[in-house]
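Below, each chain spelled out in residue letters.
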Amino acid sequence: MKKITWMALALAGSLQLTSASLFAASDECSPDVDMADSLDFSKLHIECDDNPDIVYDPKEGTKLFGKHAKAIDTYANDDADKPSVKPAQQLAYRESSKTSVPQQDLSTAKKVAKATAATPRSSVSGSAGATAAAESDNAGLAFNIREPFTTTGGPESALKGLYVQMAHYCPNGWEKLKEWSVPNQSGYYLHYQFQCAK
Amino acid sequence: MKKLLLPLAIAAVMPATAFAMGETDTTFYGKMNVTAVNSNFESSIEGTDESGWNLNSNASRVGFKGKTELSEGLYAIYKAEVEVFVDSGISGSSSDDQTFKQRNIYVGLSGNYGTIFAGRSDSVLKLSQAKVDLFGDLQGGDIKNWMSGETRSSNVINYSTPEMAGFQFSVMSILGEDAGDRRDGLLDSYSAGLTFKHGGLYLALARDENVKSGSLEKAFLNINRFVASYSLGDLTVGGIYQQAEEGDNYDQNTFDLSNSSYDEDSYMLSASYKLGNFKLKAQYGEGEYDIQLAPVGGSVVSDKFEREAWILGVDYSLAKTTKIYTYYSNIESNDNLVSYSEEDDVFGIGMEHKF
């Protein structure tokens, strides 16, 4: 057992020698099966748990079966018309958490910030191709978007704006997940929830 | 009066406004790990040599976990995980064939004040080793071949603090449910540990107090374990050192006298290096064991034995979730009392897929 002493010293020495870059590595989310063998229960259940297979809402029943990506609300400042999923709040929770923020979550947050900042609020003008190039890294992300329409004008004007937005966020294609309408002062908002192709 | 601590602990993680009802989400996860192994066993007793090929399922498992937000920052959490047997479909134990063998299962609360849960779980001491054991669950590779304390316990109540400046503390009470006056207190049997993480550095100090060990010496032991690992780029080094001795209820599962004792000094060192899709792995371990046996009506018998293990292996990643691997291990044991020795060589080639 005397070997232990020099082995421990060797280990400590190597740690000391490399102390300059001691804190370089990141604390990323691992596969669930690996995190399940760890003492960091908060990381397993809360911080790295944003992609459930089943979501059960007591008001609506089971919403989805299959990989479910929570949608990013592109119009989060308007309280009246918020959808039920509030990714902005989730991201804010992660940002404010005292514990380490998983690297991939930060990466997602940056994508969200970039995507929402670059998208026009109403009908998109300019070249869709140019914006597509800028948003080519949203694969797998889901978004909530909306466009206004009136009963007299019909929803065609809203559809055009919605499809331009979807092309902007998902230059490689998308799948529409949900559609709904909410009244506003002059008519309605037509809402789309969609997920970018992976 | 100690039982009063439990509701107080639960109350500590619950804010007064915890009555909202949010979404419940569930995530499935697991892994399948199977190895074809060729093992050769030799001992100093003539005629006991054996060799052959086996197909092993290495703690393959499926599980699901989830959470429900009860109020701002407070969640109900749960996890249920069972082992499945990819090789034969059943556990293979002659006394207890099982299609699914329960692993960790619990329900609890998690919030800004930490996490509390109750159920069946790996001990804090076992979990404190993180991934320092590079050949965990593999025949001839897992540290349980020469270290006690790789334990999963039933009837546990665990509390873990939030991570604060890299530090986190966990304590797990293991309720005895014993009749009579043995292990009837909340902390008569517990596992506790302090961990520290910062960047690539991981340190842990853990203690088992009168916990029935799930590996090597499967009796009630007191164990102190120190774990260190450090990652620098593609290189990761780690080590575990531990001392174990008989716990208060050691005799319960050995001999019916109070003169029996157990002392263990064991350690392991590991290193891995990523080279593209390859990962080169090496591990070395050693243990010394001193046992005093006191059989009924007989004199105390002392025994000392040693065990030494080394393992080399290579992983090749096919994807982030999937790898194939090969390894070779050698474990030698020497018993000084009866001049007995044995040697076990294992060569394995396998595949692991996580989901």
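Let me sum up the structure you'll find in this document.

Observations concerning the overall build of chain A
Along its length, chain A carries seven helices and six strands. Along chain A, from the amino end to the carboxyl end, the secondary structure elements read α-α-α-β-β-β-α-α-α-β-α-β-β. Counting the 198 residues in chain A, one finds 42% classified as buried. Considering only intrachain contacts with a sequence separation of at least 6, the fraction spanning at least 24 residues in chain A is 57%. Total accessible area on chain A stands at roughly 10,300 Å², and carbon and sulfur atoms take up 55% of it.

Some words on a nonpolar patch on the surface
All names here are of chain B. On the surface, a cluster of nonpolar side chains totalling about 610 Å² of accessible area is made up of W53, W310, L312, Y328, F347 and I349. Broken down by secondary-structure element, the contributors of at least two residues to the nonpolar patch are β15 (301–317) and β17 (340–354). For L312, the position within the fold is in strand β15.

A few points about the state of the cysteines
What makes a disulfide is a covalent bond joining the sulfur atoms belonging to two cysteines. Residues and elements named next belong to chain A. Applying the stated criterion across every chain, the model contains two disulfides over all chains. One disulfide in the model links C170 with C196; its S-S distance is 1.9 Å. Judged by the sign of its S-S torsion, about -65°, the cystine formed by C170 and C196 is left-handed. Of the two residues, C170 sits in the loop between α7 (156–169) and β5 (174–183) while C196 sits in strand β6 (residues 188–196), which places them 26 residues apart along the sequence. Overall, C170 belongs to the buried group, its relative accessible area being 2%. By relative accessible area, C196 is classed as buried at 5%. The connectivity of the disulfide bonds within chain A can be written as 1-2, 3-4, using the sequence rank of each bonded cysteine.

As for α7 of chain A
Residue and element names in this part refer to chain A. Between its first and last C-alpha atoms α7 spans 20 Å; for 14 residues at 1.5 Å apiece the expected length is 20 Å, and the two agree. Every buried residue of α7 is listed here: A158, G161, L162, Q165, M166, H168 and Y169. For α7, the angular spread of the buried residues around the axis is 155°, confining them to a single face. Counted as exposed and oriented over 90 degrees from the buried face of α7: E156 and K160.

Topic: the packing of aromatic side chains
In the structure shown here, the tally under the stated rule is 17 aromatic pairs over all chains. Between Y289 of chain B and F305 of chain B, the ring centres sit 4.6 Å apart and the planes meet at 25°, which makes this aromatic pair stacked. Residue Y289 of chain B is located in strand β14 (residues 278–293), and its partner F305 of chain B is located in strand β15; the two are separated by 16 residues in the primary sequence. What makes F305 of chain B buried here is its relative accessible area of 18%. Three or more aromatic residues joined by ring pairs make a cluster, and in this case those are F41 of chain A together with Y106 and F117 of chain B. Above the plane of the ring of F135 of chain B lies K281 of chain B, whose end atom (NZ or CZ) is 4.6 Å from the centre.

Some thoughts on the pattern of salt bridges
A full pass over the atoms with the stated rule returns 20 salt bridges over all chains. For the salt bridge of D40 of chain A with K197 of chain B, the shortest nitrogen-to-oxygen distance reads 3.2 Å. Residue D40 of chain A is located in the loop between α2 (32–35) and α3 (41–47), and its partner K197 of chain B is located in strand β9 (residues 190–198); the two belong to separate chains. For K197 of chain B, a relative accessible area of 21% translates into the label partly exposed. Taking the shortest distance from any N to any O, the salt bridge between K323 of chain B and E352 of chain B comes out at 3.8 Å.

Looking at the sheet that holds strand β3 (residues 71–73) of chain A
Residue and element names in this part refer to chain A. With mixed pairing, four strands are arranged side by side in an open sheet as β3-β4-β6-β5. For this open sheet the edge positions go to β3 and β5, each flanked by a neighbour on one side alone. Direction aside, neighbouring strands of the sheet carry axes that sit 30° apart on average. In this structure, β3 lies alongside strand β4 (residues 142–149), joined through three bridges in parallel fashion. Looking at β4, one finds that I72 is bridged to F143. Against the sheet, α7 engages β4, β5 and β6, with an angle of about 155° to β4.

A look at the pairing of strand β5 (residues 101–111) of chain B
In the case of a regular strand, side chains alternate between the two sheet surfaces. Residue and element names in this part refer to chain B. Across eight bridges, strand β4 (residues 74–83) lies against β5 in antiparallel orientation. Its bridge partner being in β5, I77 is matched across the sheet by G108. The pairing of β5 with strand β6 (residues 114–122) spans seven bridges and is antiparallel. The residue bridging I105 from the neighbouring strand is R120, located in β6. Two successive antiparallel strands, β5 and β6, enclose a turn made up of two residues.

A look at the nonpolar core
Residues and elements named next belong to chain B. Grouped together as the largest cluster of nonpolar side chains are 30 residues, with contacts concentrated most on W146, I240, Y262, M268 and Y327. At the level of secondary structure, the elements contributing two or more residues to this core comprise β10 (201–212), β11 (220–232), β12 (235–246), β13 (261–275), β14, β15 and β16 (322–335). Among all residues touching I240, those that are not within four sequence positions of it are Q129, V132, I143, M147, R225, F226, V227, S266, Y267 and M268. Residues Y106, V124, V156 and M172 belong to the second largest nonpolar core, which totals 20 residues.

Quick word on the environment of K354 of chain B
By the element assignment, K354 of chain B lies in strand β17. K354 of chain B sits 31 residues away from K323 of chain B along the chain, and the two C-alpha atoms are 9.0 Å apart. With residues up to four places along the chain from it excluded, the contact list for K354 of chain B reads P31, V33 and D34 of chain A together with G30, K31 and T321 of chain B.

What counts and what doesn't
Counting of residues starts from 1 at the beginning of each chain's written sequence and follows it residue by residue. Whichever chain is written first is A, and whichever ligand is written first is 1; the rest continue in order. Reporting of local features is limited, given that this is a predicted model, to residues whose pLDDT is at least 70; pairs of side-chain atoms are given and counted only at 80 or more, and all residues count toward the totals for whole chains, interfaces and linings. Water and hydrogen atoms play no part in the side-chain values, which are based on all heavy atoms of the structure. In this description a helix means any DSSP run of H or I spanning at least four residues, a strand means any run of E spanning at least two, and both kinds are numbered starting from the N terminus. Using a 1.4 Å probe on the protein chains alone, a residue whose accessible area is under 20% of its type maximum counts as buried, one over 50% counts as exposed, and one in between counts as partly exposed. Whether two residues are in contact is decided by their heavy atoms: any pair within 4.5 Å suffices. A 1.4 Å probe and the Shrake-Rupley method give the accessible areas. Residues count as covered only by the protein chains that appear here. Surface patches are drawn from residues lacking salt bridges whose relative accessible area is over 30%; two like charges belong together within 9 Å, two nonpolar side chains (Val, Leu, Ile, Met, Phe, Trp, Tyr) within 5 Å. Criterion for a salt bridge: a side-chain nitrogen of Lys or Arg within 4 Å of a carboxyl oxygen of Asp or Glu. Cysteine sulfur atoms that come within 2.5 Å of each other are treated as a disulfide pair. Each helix should span, by expectation, one fewer than its residue count multiplied by 1.5 Å. Here, the arc refers to the directions that run from the helix axis to the C-beta atoms. Note on aromatic contacts: the rings of Phe and Tyr and the six-membered ring of Trp form a pair at centre separations within 6.5 Å, being stacked when their planes are under 30 degrees apart, edge-to-face when over 60 apart, and tilted otherwise. Distance and angle both matter: a charge sits over a ring if NZ of Lys or CZ of Arg is within 6 Å of the ring centre and within 35 degrees of the ring normal. Two strands form a pair only when DSSP identifies at least two bridges running between them. Only C-alpha atoms enter the line fits that serve as axes; for helices the fit covers just the stretch in contact. Angles between N-to-C directions range over 0 to 180 degrees. In these notes, a set of buried Ala, Val, Leu, Ile, Met, Phe, Trp, Tyr and Cys residues joined through side-chain atoms within 4.5 Å is what counts as a nonpolar core.

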